[in-house]
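Close look at the chain arrangement
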Amino acid sequence: MQKILVTGGLGFIGSHTVVELQESGYEVVIIDNLSNSQIFVLDRIAEITGKKPEFHQIDLRNKEDVQQFFKSQKIDGVIHFAASKAVGESVKEPLKYYENNISTLVYVLKEMTENNVNHFIFSSSCTVYGQADELPITEKAPMKIAESPYGNTKQIGEEVLKETTSVSDLNGIALRYFNPIGAHSSAKIGELPIGVPQNLIPYITQTAIGIREELSVFGDDYDTEDGTAIRDYIHVVDLAKAHIKALERLIKSSNKEKFEVFNIGTGTGNSVLEIVKAFEKVTNQKLAYKIVERRAGDITAAFADTTLAEKELGWKADLSLEDCLLSAWNWEKAIRK
Ligand code: UFG
């Protein structure tokens, strides 16, 4: 049985990926510092899969702890989610982002190369493209100057990984996520935003359940059909499955380059108002919203060309926007009980 280290394995995407890994027959060891996740998620993973993964509460900024961990373990591959992800916060605290997202990556890669652990999957983001000149966005689209320190850490992270693979036995895949939403169909795990949600879907579900008064739609004067911004919303379970495919590719040595990147999205763009309407339809209730100013740093439209992932990873998103919104809503209801 292959043993996979999942850093940030109790977070939103991490926890769903741990479930898929265990259900695909992998043994999982999680490292998480619980800075933006909850320990109960470990039991929830066990409830879903019938197996509690090994867990280490380690902060990857502590280099010695990372060294110690790799010395004491026999690991076959690493899926690295642990990172900070709030765009706005990154503008205010850039050094926190460079430390949490870059220093930790360096420590993990260093231990991997020294301990002969050669498969690495990196959480990247469509944010590396900025506002792309052409839609849908292919992996060949150039990176634009990052809009935020957070975005910059994803660009730099990819470079650090690429350069490391070029001089070591390490093979790496960066998955550029579009907008991950939804929750596991069991409603046992999902997104757990701290404080006021910054992202659209948790804001919508919290409004619908009565925690927030109304959704603010950021701008209706974009150059899109209804004037609101367009994103490619992908179900977190589909996204989790893409990690299994990427890992298998490395384990089977079917990768064509030592460092590869894949867009992980659905290929379809939806506007904010389309999301609001789809949510109302799926949940059969009205959502209070108002149009406000654009949010600084937001782009007009982004959606993926997923041809490469389909061809090379044999992966394609299965779940619909309705599945996404209904599962997010069921999760919101489950955590408020
Ligand atoms: N939006 C609203 N109201 C809200 C929240 C969001 O109208 O209360 C709009 C945004 O303006 C945007 C869309 O909903 O048009 C999606 O916003 P999110 O914050 O959910 O997602 P983003 O596309 O801004 O950000 C996501 C990830 C980031 C990543 C970025 C890359 O959350 O981590 O994609 O583009 F960097």
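Our subject is the structure listed above.
Quick look at the structure, then.

Conventions and cut-offs
- Residues numbered from 1 in each chain as written.
- Predicted model: local features only at pLDDT ≥ 70, side-chain atom pairs only at ≥ 80, totals over all residues.
- Heavy atoms only, no water.
- Near = heavy atom within 4 Å.
- Polar contact = N/O pair within 3.5 Å; in protein donor to acceptor, adjacent residues only side chain to side chain.
- Areas by Shrake-Rupley, 256 points an atom, 1.4 Å probe, with all protein chains shown as cover.
- Helix = DSSP H or I, 4+ residues; strand = E, 2+ residues; numbered from the N terminus.
- Nonpolar A, V, L, I, M, F, W, Y, C, P; charged D, E, K, R; others polar.
- 1 Å grid on protein atoms, 1.4 Å probe; cavity = no way out; pocket = protein on both sides within 12 Å on 5 of 7 lines; lining within 4 Å.
- Points joined across faces, edges and corners; volume = space filled by probe spheres on them.
- Pairing = 2+ DSSP bridges.
- Axes fitted to C-alpha atoms, helices over the stretch in contact; angles between N-to-C directions.
- Contact = heavy atoms within 4.5 Å.
- Core = buried A, V, L, I, M, F, W, Y, C linked by side-chain atoms within 4.5 Å.
- Buried < 20%, exposed > 50% of the residue type's maximum accessible area, 1.4 Å probe, protein only.

As a further point, take the site of the ligand. Near the ligand, the surroundings consist of 20 residues, among which Leu 200, Ser 216, Arg 231, Arg 295 and Asp 298 are the closest. In the model, an oxygen atom of the ligand is placed 3.4 Å from a nitrogen or oxygen of the Tyr 150 side chain. A distance of 3.4 Å separates an oxygen atom of the ligand from a polar atom in the backbone of Gln 198. Contact with the protein chains covers 89% of the free accessible surface of the ligand, which is 690 Å². Elements with a contribution of two residues or more to the shell around the ligand: helix 7 (200–208) and strand 8 (215–218). Residue classes in the shell around the ligand are distributed as 10 nonpolar, 6 polar and 4 charged.

A few words on the layout of surface pockets. If you add up the space inside the second largest pocket, you get close to 350 Å³. Lining the second largest pocket are 16 residues, with Glu 139, Glu 257, Phe 259, Glu 260 and Val 261 positioned closest to its centre. Elements represented by at least two residues in the lining of the second largest pocket include exactly helix 6 (149–166), strand 11 (259–264) and helix 10 (307–313). Split by residue class, the lining of the second largest pocket holds 5 nonpolar, 1 polar and 10 charged.

Now for the sheet that holds strand 5 (residues 119–125). Pairing within the open sheet is parallel, and its 7 strands lie in the order 3-2-1-4-5-6-11. Across the chains shown, the open sheet's two edge strands, defined by having one partner strand only, are strand 3 (54–56) and strand 11. For this sheet the average axis-to-axis angle between neighbouring strands, irrespective of direction, equals 20°. Where strand 1 (residues 3–7) and strand 2 (residues 27–31) come together, 5 bridges link them in parallel fashion. Bridging across to strand 2, Ile 4 finds its partner in Val 28. Lying over the sheet, helix 5 (residues 94–114) contacts strand 4 (77–80) and strand 5, oriented at roughly 165° with respect to strand 5.

Glancing now at empty space enclosed by the protein. Tallying each qualifying case throughout the model produces 2 cavities of 30 Å³ or more. Along the wall of the largest cavity there are 14 residues; nearest its centre are Glu 191, Pro 202, Thr 205, Trp 331 and Glu 332. Elements with a minimum of two residues in the lining of the largest cavity: helix 7 and helix 11 (321–335). In this structure, the second largest cavity spans a volume of roughly 50 Å³. In this structure, the second largest cavity is lined by His 80, Phe 81, Ala 82, Ala 83, Asn 101, Phe 122, Ser 123, Thr 153 and Lys 154. Listed by contribution, the elements that provide at least two residues to the lining of the second largest cavity are strand 5 and helix 6. When its residues are assigned to classes, the lining of the second largest cavity shows 4 nonpolar, 4 polar and 1 charged.

Judged by nonpolar contacts, the single largest core of 37 residues is most densely connected at Leu 21, Leu 175, Ile 264, Leu 313 and Trp 315. The set of elements that each furnish at least two residues to this core consists of strand 1, helix 1 (12–23), strand 2, helix 2 (40–49), strand 6 (171–177), helix 8 (236–251), strand 11 and helix 10. Per element, the largest residue contribution to this core is 8 residues, and it comes from helix 8. Residues contacting Leu 175, with those up to four places away along its chain left out, are Ile 121, Phe 122, Ser 123, Ser 124, Ser 125, Ala 242, His 243, Ala 246, Phe 262, Ile 264 and Leu 313. In this structure, Phe 69, Leu 161, Phe 259 and Val 261 belong to the second largest nonpolar core, which totals 24 residues.

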